[in-house]
Amino acid sequence: MALNLEVPSTLDYFRTLVQDDDHFPLLEAAACIAQDEYPDLDVQQVLGDVDQLLARLKRRLPADAAPLQRLRALNQFFFRDLSFGGNVNDYCDPDNSYLNVVLRTRRGIQISLAILWIELAQGLGLHARGVCFPGHFMVKVNLPKGQVVIDPFTGQSLSREELSERLEPYKRRSGLIDDFEVPLGLYLQAAPPRDVIARMLRNLKEIHRAQEDWQRLIAVQDRLLILLPDAWAEYRDRGLAHAEQGHAALAVLDLETYLIHAQDSLDIDAIADRVADLRRAQNS
């Protein structure tokens, strides 16, 4: 009897990784995003490369190293010896979000650098998490004597005053001043892995939308809707991208899903008109 050994698609693989919040492999889920651009990518090789970095780092430390000593060794290794840092010359390059490329070039954006840094930190036994700080992804480590917040773009440790200063433009835009003042600590809460991957995908989404690269945008939306199946606005955005690609039937399906579930949204009438136009085009 012939065995039918069907190889799972990259989206099926992603779906298995993100289905459970209790066992959510942040590094692996982030690494496989690059398979949209690099379909032959061996994700296990990416994980192995990070394991090798961790092994090199561990050899620098005694087994009984204090948490602060481990943190200092990590930052020296990651930001100085290996020279990981932000890609200031081409910040909007999609490759900045692909971990296989970031590991090779040692250049990325805050969130891709943060994911690698967090993996190494946790491998050293540090209590490290990502922080969805407005406009700028951060990492934080809880130490016995307090919390350290680090900008993964530069490796800089930020004081409360510096964090508050970075928040000011966002708070002014959002009207969060005076009577609506929000404590700094609320902006420094640890981000669940699902939120980290969503932010990573939405970064890519905005890059592709700005470039009107609808095919790549749809690939990102496919992942977002696996990750966040109740994010109805993502159906709208994928539907609009399908419309740009001339995929009228797929566009109508997504846009009607949005209309059913987002009935209080301000753009309902505009989207309904777009669906009517697409239907007329299909029938003409």
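Residues numbered from 1 in each chain as written. Predicted model: local features only at pLDDT ≥ 70, side-chain atom pairs only at ≥ 80, totals over all residues. Heavy atoms only, no water.

**A look at the domain arrangement of the protein chain**
Accessible area lost during the coming together of the parts is what is often quoted as the interface size. Assigned domains of the protein chain: these are domain 1 (10-193) and domain 2 (230-283). Computed from C-alpha atoms alone, the centre-to-centre distance between domain 1 and domain 2 is 35 Å. (Domains from an automatic or database assignment.)

**What about the packing of helix α11 (residues 232-245) against helix α12 (residues 248-261)?**
Close contact between α11 and α12 brings their axes to 7 Å; oriented N to C, the two are set at 155 degrees. With respect to α12, the element α11 is oriented roughly antiparallel. Crossing handedness for the pair α11 and α12: left-handed. Contacts between α11 and α12 involve W232, A233, Y235, R236, R238, G239, L240, H242 and A243 on the former and, on the latter, L250, A251, D254, L255, T257, Y258 and H261. (Axes fitted to C-alpha atoms, helices over the stretch in contact; angles between N-to-C directions. Helix = DSSP H or I, 4+ residues; strand = E, 2+ residues; numbered from the N terminus. Parallel < 35°, antiparallel > 145°, perpendicular 65-115°, else oblique. Left-handed = near helix turned anticlockwise from the far one by under 90°. Contact = heavy atoms within 4.5 Å.)

**Some points on the side chain of H136**
Take H136: it is sitting in the loop between β3 (127-131) and β4 (138-143). A distance of 2.8 Å separates a polar atom in the side chain of H136 from a polar atom in the side chain of D151. If near-sequence neighbours (up to four positions away) are discounted, H136 is found in contact with Q110, V131, D151, F153, R166 and R199. (Polar contact = N/O pair within 3.5 Å; in protein donor to acceptor, adjacent residues only side chain to side chain.)

**Things to note about the pattern of salt bridges**
For the structure shown, the criterion picks out 18 salt bridges. Close ionic contact of E37 with R216 constitutes a salt bridge, the shortest N to O distance being 2.7 Å. With E37 in the loop between α2 (26-32) and α3 (43-58) and R216 in helix α10 (residues 214-227), the pair connects residues that are 179 residues apart, well separated along the chain. Its relative accessible area of 29% is what places E37 among the partly exposed residues. Residues R280 and D277 are paired through a salt bridge, measuring 2.3 Å at the closest nitrogen-oxygen approach. (Salt bridge = Lys/Arg side-chain N within 4 Å of Asp/Glu carboxyl O. Buried < 20%, exposed > 50% of the residue type's maximum accessible area, 1.4 Å probe, protein only.)

**Side note on the sheet that holds β4**
Read across the open sheet, the four strands follow the order β3-β4-β5-β6; overall the sheet is antiparallel. Each edge of the open sheet is held by one strand with a lone partner, namely β3 and β6 (156-158). Across the sheet, the mean angle from the axis of one strand to that of its neighbour is 35 degrees, orientation sign disregarded. Relative to strand β5 (residues 146-151), β4 runs antiparallel, the two being bridged by five bridges. (Pairing = 2+ DSSP bridges.)

**Topic: the pairing of β3**
Relative to β4, β3 is paired through five bridges, and the arrangement is antiparallel. Bridge pairing in β4 places A128 opposite V141. Hairpin connection of β3 to β4: six residues between the antiparallel strands, including G135 at a positive phi of 80 degrees.

**Considering unusual backbone geometry**
For S83, which is not glycine, the phi torsion reads 60 degrees and is therefore positive. Backbone geometry places E212, a non-glycine residue, at a positive phi of 55 degrees. Along the polypeptide, E212 turns up in the loop between α9 (193-210) and α10. You can call E212 exposed: its relative accessible area is 56%.

**Some points on the state of the cysteines**
Per the stated rule, a full pass over the model turns up zero disulfides. Considering cysteine sulfurs only, C132 is the nearest to C92, which forms no disulfide, with 19 Å between them. Given the relative accessible area of 47%, C92 is considered partly exposed. (Disulfide = S-S within 2.5 Å.)

**Concerning the environment of G135**
Considering the arrangement of structural elements, one finds G135 in the loop between β3 and β4. Sequence separation between G135 and R166 is 31 residues; the distance between their C-alpha atoms is 9.1 Å.

**Some remarks on the nonpolar core**
If you look at the biggest cluster of nonpolar residues, it comprises 69 residues, and the most contacted ones within it are W117 and I197. Looking at this core, the element that brings in the most residues is helix α6 (residues 110-123), giving nine residues. (Core = buried A, V, L, I, M, F, W, Y, C linked by side-chain atoms within 4.5 Å.)

**Focus on the packing of aromatic side chains**
The tally for this structure, following the rule as stated, stands at five aromatic pairs. Judged by centre distance (5.9 Å) and plane angle (85 degrees), the ring pair of Y38 and Y98 falls under edge-to-face. In this pair, Y38 sits in the loop between α2 and α3 while Y98 sits in the loop between β1 (85-86) and α5 (99-105), placing the two residues 60 residues apart along the sequence. For Y38, a relative accessible area of 29% corresponds to the partly exposed category. Seen from their ring centres, F78 and F84 are 4.4 Å apart, and the 10 degrees between their planes marks the pair as stacked. Taking the relative accessible area as the measure of exposure, F78 reaches 0% and is therefore buried. Joined through ring pairs, the aromatic side chains of F78, F79 and F84 make up one cluster. In this arrangement the basic side chain of R223 is found over the ring face of F14, its NZ or CZ atom lying 5.0 Å from the centre. (Phe/Tyr/Trp six-rings, centres within 6.5 Å; stacked < 30°, edge-to-face > 60°. Lys NZ or Arg CZ within 6 Å of the ring centre and 35° of its normal.)

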